[in-house]
Amino acid sequence: MLKINVGSADRVVRILVGALLLGAHFAGYIGAWGWLGVVPLMTGIFRICPAYLPFGISTCKTK
């Protein structure tokens, strides 16, 4: 299993940005670029960012 590396604030921002991009696409404000919203939306929902893994970055609070 992959280790969770997306913290709470990071998660909220990712979900909002992803939802806004997809919403803008479906509302007709932007074209196919809106589908890029799937990436932050999914990384926010699953709390795993593959781009953070090679660098050892984590926005989760340490225990």
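That block above? That's the structure.
Below, the structure is looked at part by part. (Residues numbered from 1 in each chain as written. Predicted model: local features only at pLDDT ≥ 70, side-chain atom pairs only at ≥ 80, totals over all residues. Heavy atoms only, no water.)

Turning to the overall build of the protein, a few remarks are in order. Looking only at helices and strands, the protein features two helices and zero strands. Over its C-alpha atoms, taken along the principal directions, the protein stretches across nearly 45 × 20 × 20 Å. Split into buried and exposed, the 63 residues of the protein put 29% on the buried side. Sequence separation of 24 or more characterises 62% of the internal contacts of the protein that already satisfy a separation of 6 or more. In the form shown here, the protein has an accessible surface area of approximately 4,700 Å², with 74% of it arising from carbon and sulfur atoms. (Helix = DSSP H or I, 4+ residues; strand = E, 2+ residues; numbered from the N terminus. Buried < 20%, exposed > 50% of the residue type's maximum accessible area, 1.4 Å probe, protein only. Contact = heavy atoms within 4.5 Å. Areas by Shrake-Rupley, 256 points an atom, 1.4 Å probe, with all protein chains shown as cover.)

This part takes up the pattern of salt bridges. Between side chains of opposite charge, a pair can form when the charged atoms approach closely. The full count for this structure, using the stated rule, is one salt bridge. Among the ionic pairs, R14 bridges to D10, the shortest N-O distance being 3.0 Å. Separated by four residues within a single helix, R14 and D10 lie in helix α1 (residues 8-27), roughly one turn from each other. (Salt bridge = Lys/Arg side-chain N within 4 Å of Asp/Glu carboxyl O.)

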